[in-house]
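Fold and geometry: a report
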Amino acid sequence: MSLDAKTVTRIARLARIGLQPEEVETLGQDMSSIINWVEQLKEVDVTGVDPMIGTGLAKPRLREDRVTDGNCRDKVLSNAPEREGPFYTVPKVVE
């Protein structure tokens, strides 16, 4: 399949690709090669070939939701530049 200059220019505009007039022919040839390759893939016989895992076949790995960093308030607060009791102290930003 070969694409004409008008079609190549339209595709480039839709894809927001800045295209110089001298690049139209080269891009058209490249796009035609890609389309021809996809056409070749359509001819491959895949009967009896199991599909690869996709979104429909994959099962998510589930784990129990549990707190893993609890009861270490003092360790966390030790990183604070300033603190008051069990709280971070931050500068006032609203008057």
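Structural notes, computed from the coordinates. Worth saying up front: this structure is predicted, and the values here are computed from it rather than measured.

To continue, consider unusual backbone geometry. Phi is positive for R16, close to 60°, though the residue is something other than glycine. Structurally, the position occupied by R16 is in the loop between α1 (5-14) and α2 (24-42). Relative accessible area serves as the criterion here: at 75%, R16 is assigned to the exposed category.

Between its terminal C-alpha atoms α2 stretches 27 Å, which fits the 27 Å expected from 19 residues at 1.5 Å a residue. Taken together, the buried residues of α2 touch α1.

On to the environment of P86. In this structure, P86 sits in the loop between β1 (83-84) and β2 (87-88). With residues up to four places along the chain from it excluded, the contact list for P86 reads R73 and L77.

Before going further, it helps to spend a moment on the environment of P91. With respect to the element layout, P91 can be found in the segment after β2. Distance from P91 to S2, taken between C-alpha atoms, is 66 Å for residues 89 residues apart in sequence.

So, how was this worked out
- Residues numbered from 1 in each chain as written.
- Predicted model: local features only at pLDDT ≥ 70, side-chain atom pairs only at ≥ 80, totals over all residues.
- Heavy atoms only, no water.
- Helix = DSSP H or I, 4+ residues; strand = E, 2+ residues; numbered from the N terminus.
- Buried < 20%, exposed > 50% of the residue type's maximum accessible area, 1.4 Å probe, protein only.
- Expected span 1.5 Å × (residues − 1).
- Contact = heavy atoms within 4.5 Å.

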